[in-house]
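# Summary of structural features
One-letter residues, chain by chain:
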Number of protein chains: 2
Amino acid sequence: MAESGSTSAARPGAENLLFLTDDQLRRGIEAMFFAYRGFTADPDRILLEKSYGRAHHRALHFIHRSPATTVNNLLDILGVTKQSLNRVLRTLIEDGLVESKVGKRDRRERHLFLTDAGRDLERVLSEAQRKRMRAAYREAGPEAVAGFQQVLQQIMDPKLREHFEQLKDGH
Amino acid sequence: MAESGSTSAARPGAENLLFLTDDQLRRGIEAMFFAYRGFTADPDRILLEKSYGRAHHRALHFIHRSPATTVNNLLDILGVTKQSLNRVLRTLIEDGLVESKVGKRDRRERHLFLTDAGRDLERVLSEAQRKRMRAAYREAGPEAVAGFQQVLQQIMDPKLREHFEQLKDGH
DNA sequence: TTGGAAAGTCAACAAGGCTGACATAAACTG
DNA sequence: CAGTTTATGTCAGCCTTGTTGACTTTCCAA
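Residues numbered from 1 in each chain as written. Chains lettered and ligands numbered in written order. Predicted model: local features only at pLDDT ≥ 70, side-chain atom pairs only at ≥ 80, totals over all residues.

### Brief notes about the overall build of chain A
For chain A, the count of helices and strands is seven helices and three strands. Helices and strands appear in chain A in the N-to-C order α-α-β-α-α-β-β-α-α-α. At 20 Å, chain A has a C-alpha radius of gyration far larger than the 16 Å of a compact globule built from 171 residues. Over its C-alpha atoms, taken along the principal directions, chain A stretches across nearly 60 × 40 × 25 Å. Here chain A holds 171 residues, and the buried ones make up 35% of them. (Helix = DSSP H or I, 4+ residues; strand = E, 2+ residues; numbered from the N terminus. Rg over C-alpha atoms; globule rule 2.2 N^0.38 Å. Buried ≥ 20, exposed ≤ 12 C-beta atoms within 10 Å, placed from the backbone.)

Below, the structure is given as structure tokens:
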């Protein structure tokens, strides 16, 4: 009777709803704010040296994840305008980090790839970011990490959650 | 024997280190990226209507949390330059959302407060953000939420973690 | 009384968002 | 085949929010 068919482990019975107080929610909000700063801090430092920004990092990351992705697909994932993305892609292509190839089936499309140099930079950036995440995961332990992932997925917009799910398993 | 005195539940024995693979870390990184977009989406929409930005939201939030905070303290928490913060504070003061009072003990300091109008806007913004977090928490359940908080705390820079801890309990 | 901290201001600049308009090539459709 | 839609790129201009550097005012404390 108290069981309302929730998708996950949530049981909104009368027992234990203290984790839904405004105070708990505020802590979560502040934790997201402070943690995101840490999350981007290490790559940001490296990017600064190379005169790139966070936008370049995001492009490199998702091209690395989904080689041969199209510009439109990247626009969808990143949620910016094509003008914004184009500015970033242009510099990455000029600097020889990204390659753009005309589509075979549909020659209007451009498929994006990392060059060797692009892969090198992507590796440095993502390793810096992974290092912090690895330390955090190790400290918190596997069960905390599972909860971390669950909550983050629920915070996402449904449309972005789809992109996330697609990236989840291999590619 | 496998117990190495870690501060938390992590037991880096041979059993179960699969949560530390690069692939798991990548998923965490992408989850942070997508979730942060959702996290800011609702307040951003409201701010757009009022011609404010995220920087205004952050200032309102932390002045609300710590009434009578000084500009310097706020700079420390927000991690921006005083010129950047000053621009935001000036518009908030001009618009009658924030009040700045000269310090009594140290008259160089300015103590910041929300006006009634400031509190109103802060409430609208934070309630929009809490709504999404509440739904996410409810879906994920209390244990997931605990893990979520643990991992986020570990991702923070130590200095920011101190600020976070101070805000944790009342104020 | 003097040094330095706290705060504010001005100017200039950059990254990275945005809109709108327009161009081109390719693909699709009737 | 003509017309429309799609994918991409580009130009121009604007906004927010970050930055640095220089300078002033206030005023506490040694």
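### Regarding the sheet that holds strand β2 (residues 98–102) of chain A
Residue and element names in this part refer to chain A. Read across the open sheet, the three strands follow the order β1-β3-β2; overall the sheet is antiparallel. In this open sheet, the two edge strands, each paired with only one partner strand, are β1 (69–70) and β2. The sheet strands contacting helix α2 (residues 54–65) are β1, β2 and β3 (110–114), and the helix crosses β3 at an angle near 100°. (Pairing = 2+ DSSP bridges. Contact = placed C-beta atoms within 7 Å. Axes fitted to C-alpha atoms, helices over the stretch in contact; angles between N-to-C directions.)

### What about the protein's contact with DNA strand D?
Within the structure, DNA strand D sits among 24 residues, and Thr-70 and Asn-72 of chain A together with Gly-53, Thr-81 and Ser-84 of chain B are positioned closest to it. Those elements that provide at least two residues to the surface near DNA strand D are α3 (71–78) and α4 (82–94) of chain A together with α2 (54–65) and α4 (82–94) of chain B. Looking at which element gives the most residues to the surface near DNA strand D, the answer is α4 of chain A, with four residues. (Near = placed C-beta within 6 Å.)

### Considerations on the confidence of the model for chain A
Here chain A shows a mean pLDDT of 91. Residues at 70 or above account for 90%. Contacts from residues 1–11 of chain A, a stretch scored under 50 in pLDDT, to residues over four places away or in other chains number 15 contacts. (pLDDT = per-residue confidence, 0-100.)

### Quick notes on the protein's contact with DNA strand C
Near DNA strand C you find 22 residues, and of these Gly-53, Val-80 and Thr-81 of chain A together with Asn-72 and Glu-109 of chain B are the closest. At the level of secondary structure, the elements contributing two or more residues to the surface near DNA strand C comprise α2 and α4 of chain A together with α3 (71–78) and α4 of chain B. Along the lines of polarity and charge, the residues of the surface near DNA strand C split into three nonpolar, 10 polar and nine charged. (Nonpolar A, V, L, I, M, F, W, Y, C, P; charged D, E, K, R; others polar.)

### What about α4 of chain B?
All names here are of chain B. Helix length check: α4, at 13 residues, gives a terminal C-alpha distance of 17 Å against a target of 18 Å (1.5 Å per residue), a fit within 8%. Looking at α4, one finds that the buried residues are Val-88, Leu-89 and Leu-92. Along the long axis of α4, the arc covered by the buried residues comes to 100°, so they all point the same way. Turned more than 90 degrees away from the buried face of α4 sit Gln-83, Arg-90 and Glu-94, all of them exposed. (Expected span 1.5 Å × (residues − 1). Arc of directions from axis to C-beta.)

### Some thoughts on the relation of the copies chain A and chain B
Structural alignment of chain A on chain B gives an RMSD of 0.1 Å, achieved by rotating through 180° and translating 0.0 Å along the axis. Considering both components of the superposition, the chain copies are consistent with a two-fold axis. Within chain A, the C-alpha atom positioned nearest to the axis of rotation is that of Phe-148 of chain A, 1.9 Å from it. Of the interface residues in chain A, 100% have counterparts in chain B that sit at the interface too, so the contact is made through matching surfaces. (Least-squares fit on C-alpha atoms with pLDDT ≥ 70 in both.)

### Looking at the interface of chain A and chain B
Taken together, the contacts link 57 residues of chain A with 57 residues of chain B. At the level of elements, α1 (22–49), α5 (116–140), α6 (142–155) and α7 (158–168) of chain A are the ones that each hand at least two residues to the side of chain A that touches chain B. Counting residues per element, the side of chain A that touches chain B draws most heavily on α1 of chain A, at 15 residues. The class makeup of the residues in the side of chain A that touches chain B is 31 nonpolar, 14 polar and 12 charged.

### Section: the sheet that holds strand β1 (residues 69–70) of chain B
The strands making up a sheet associate through hydrogen bonds between their backbones, and the pairing can be parallel or antiparallel. All names here are of chain B. In space, the three strands of this open sheet follow the order β1-β3-β2, with antiparallel pairing throughout. Looking at the sheet topology across the chains shown, the edges are occupied by β1 and β2 (98–102). Bridging between β2 and strand β3 (residues 110–114) involves five bridges; their strand directions are antiparallel. Each residue of the ladder has a partner; that of Glu-99, found in β3, is Phe-113.

### Side note on the nonpolar core
Counting 40 residues, the largest nonpolar core has Ala-35, Val-151 and Ile-155 of chain A together with Ala-35, Val-151 and Ile-155 of chain B as its most contacted members. Going through the elements one at a time, α1, α5 and α6 of chain A together with α1 (22–49), α5 (116–140) and α6 (142–155) of chain B are the ones with two or more residues in this core. Beyond its immediate stretch of four places on either side in the chain, Ala-35 of chain A contacts Leu-152, Ile-155 and Met-156 of chain B. (Core = buried A, V, L, I, M, F, W, Y, C linked by C-beta atoms within 7 Å.)

### What about the environment of Phe-164 of chain B?
Structurally, Phe-164 of chain B can be placed in helix α7 (residues 158–168). A tally of 19 C-beta atoms within 10 Å means that Phe-164 of chain B is categorised as partly exposed. When the C-alpha atoms of Phe-164 of chain B and Arg-107 of chain B are compared, they prove to be 28 Å apart, with 57 residues separating the residues in sequence. Excluding anything up to four places from it in sequence, Phe-164 of chain B contacts Glu-30, Ala-31 and Phe-34 of chain A together with Gln-153 and Met-156 of chain B.

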